[in-house]
Structure formats: C-alpha cells, structure tokens
Amino acid sequence: MRRLLPHPLLTVSLALLWLLLVNQLSAGHVVLGALLGWLIPFATSSFWPERIRIHHPLTLLRFLGVFVIDIVRGSFLVASLILKGPKRLRPAFVEVPLALKTDLAIGLLANTISLTPGTVSANLSADKRTLIVHTLDTGDAAALVAEIKQRYETPLKKIFEEGSE
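All of these numbers come straight from a predicted model, not from anything done at the bench. Here the residue numbering is sequential within each chain, running from 1 through the sequence in written order. Selection of residues for local features in this predicted model requires a pLDDT of at least 70, selection of side-chain atom pairs for listing and counting requires 80 or more, and totals for whole chains, interfaces and linings are taken over all residues. Here the side-chain values reflect all heavy atoms present in the structure, with hydrogen atoms and water set aside.

(A) Geometry of the environment of L60. What counts as a helix is a DSSP run of H or I of at least four residues, what counts as a strand is a run of E of at least two, and both are numbered from the N terminus. On the secondary structure map, L60 appears in helix 3 (residues 57–84). The spacing of L60 and K158 is 98 residues in sequence and 8.9 Å in space, taken between C-alpha atoms. The contact definition used throughout considers only heavy atoms, calling two residues in contact when any of these lie within 4.5 Å. Beyond its immediate sequence surroundings of up to four residues, L60 is in contact with I54 and I159.

(B) Quick peek at the pairing of strand 2 (residues 119–124). When DSSP finds at least two bridges between two strands, those strands are taken to pair. Bridge analysis of strand 2 against strand 3 (residues 130–135) gives five bridges, and the strand direction is antiparallel. Paired with N123 across the bridge in strand 3 is I132. Where strand 2 folds back onto strand 3 in an antiparallel hairpin, the turn is made up of five residues, including K128, whose phi is positive at roughly 60°.

(C) Expanded view of the sheet that holds strand 2. Strand order in the open sheet formed by three strands is 1-3-2, with antiparallel pairing between adjacent strands. Because the sheet does not close on itself, it has two edges, and the strands there are strand 1 (92–97) and strand 2. Averaged over all adjacent pairs, the angle separating strand axes in this sheet is 30°, with direction ignored. When strand 1 meets strand 3, the two strands line up antiparallel, connected through six bridges. Across the sheet, the residue bridging to V94 is V133, located in strand 3. Only the contacting stretch of a helix is used when fitting its axis, a line to C-alpha atoms as for every element, and angles between N-to-C directions run 0 to 180 degrees. Sitting on the sheet, helix 4 (residues 103–115) is in contact with strand 2 and strand 3, with an inclination near 145° to strand 2. Sitting on the sheet, helix 5 (residues 141–160) is in contact with strand 1 and strand 3, with an inclination near 50° to strand 1.

This is the structure:
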C-alpha cells in the first residue's frame, strides 16, 4: 500500500490545494486534484530522505493557527514600523539556540521565521545547533529568542520529534 500511496497526508493536502487554486468544485477538478495529489508524491517519493511522522496532529493544527495569527500581527507591526520611519527601527541579528534535531523540523522552523513579517532566518550553523535570525525591530533579543522557542520550536519538536528519540 505504501508503494501506491507513499504520502497519504500530502496526497490529500495537494488535492485540496488544487481545489482551492482553481476555486471550483466540479467532478473534473476533483479527479484532477486527486490525480495530482497522488502523482506528485508518487513521482517524488525517492527524493524524500526520511519518513515524515506527525506525532501530535492537534498540536500541528494549533501551531498553524498561531502561525497564521503571527503573520497577520506581524504584517500590521511591520506596516506600523514603516510608517513611523527608519529612524525608529532597531534591526539586529539574534542567535537562537536549537533543541530540534531533525532536518525537517529545523527547516520548518527556519521557514516559519522567514514567512513571519519582520523576521528572516539568515544562517544555520554547521552543527545545526544555532539559527541566526535577523529582525527588523528588536527591543529585547532575549525575549525574541524565548518567543521563537515557545511559539514555534517547542510545538515543532512535539509534532515531529517527540517519541522518535
């Protein structure tokens, strides 16, 4: 069964994404979405270095909700900072020590930070223990690190790494 359907969650996600992109619910688009949802993971399964296991799906949903809220909140914050002018900005590079071990979790953390307005992941140390984050406005670097670890890293660790150790 795994050979025919290597990534069932990805298959469903891609099919739903297709339906959202075409913005039509017709039999043809449902079939095409299902076909693309099956074909893309099937064709790319040899490129996936590790099997993805979601240990806590409800934590994943909560994480996605926090992420969406942070994108909206960050957008308004960045707009406010821009309107106030560049003299009020306090940009900084901040080192975030990582507790994550898997490449998938580290990659998702880095992308989450980069997709949140006002922050961007700038570098990952060679030993994968420190992520350098550039922030547009930093009053307290320690508070930013604590927020990243609490809002993003801890849920990602629970979702993808808990129970695999």
